[in-house]
Amino acid sequence: QVQLVESGGKSVQAGESLRLSCLASGDIFRKTAMGWYRQAPGKQRQLLATAPRGSEIHYTDVMKGRLTVSKDIDKNWMELQMRDLKPEDTAVYYCNGWPPIYPWGQGTQVIVSS
């Protein structure tokens, strides 16, 4: 059974940067496209970026221009670098396959204060 563990979330001030990590049990990065997601209170889950294959990364318009995704397929590890954070970025951040075919992890909370 695949397990997804997100970490790195914390409370920050607006304008600051933050790095989140995702570690998956099981060798899934070579067979599954991955993605980063977030869900703010009272909002639907949003797709932030996808890593469909190889080193290709595609960013949605949600945080486009403020994100950098890195991954290591051998370690089944992925990082989300966020910059110029805004209060509306306050959310729980998740990783999963794309589409999200695995059980959701607990996510990691990011709180951005103005």
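Quick note: structure is the one above.
Residues numbered from 1 in each chain as written. Predicted model: local features only at pLDDT ≥ 70, side-chain atom pairs only at ≥ 80, totals over all residues. Heavy atoms only, no water.

### Observations regarding the sheet that holds strand β6 (residues 58–59)
Whenever strands of a sheet pair, they do so through backbone hydrogen bonds, lying parallel or antiparallel.
At step 1: In space, the six strands of this open sheet follow the order β2-β10-β9-β4-β5-β6, with mixed pairing throughout. At either margin of the open sheet sits one strand with a lone partner, and together these are β2 (11–13) and β6.
At step 2: Of the strand pairs in this sheet, strand β9 (residues 91–97) and strand β10 (residues 108–113) are connected by three bridges, and their pairing is antiparallel. Counted as the bridge partner of V92 is Q109 from β10. (Pairing = 2+ DSSP bridges. Helix = DSSP H or I, 4+ residues; strand = E, 2+ residues; numbered from the N terminus.)

### Examining the pattern of salt bridges
At step 1: Across all of its chains, the model carries four salt bridges by this definition.
At step 2: For the salt bridge of E79 with R19, the shortest nitrogen-to-oxygen distance reads 3.9 Å. Placement of E79 in strand β8 (residues 77–82) and of R19 in strand β3 (residues 18–24) is noted, with a sequence separation of 60 residues between them.
At step 3: Residue class for E79 comes out buried when judged on its relative accessible area of 13%.
At step 4: Measuring nitrogen to oxygen at the nearest pair gives 2.8 Å for the salt bridge that ties D89 to R66. Taken together, the positions of D89 in the loop between β8 and β9 and R66 in the loop between β6 and β7 (67–72) put the pair 23 residues apart, joining distant regions of the chain.
At step 5: With a relative accessible area of 0%, D89 lands in the buried category.
At step 6: Its relative accessible area of 12% is what places R66 among the buried residues.
At step 7: Ionic contacts of the salt-bridge type, sharing partners, join the residues R38, R66 and D89 into one network. (Salt bridge = Lys/Arg side-chain N within 4 Å of Asp/Glu carboxyl O. Buried < 20%, exposed > 50% of the residue type's maximum accessible area, 1.4 Å probe, protein only.)

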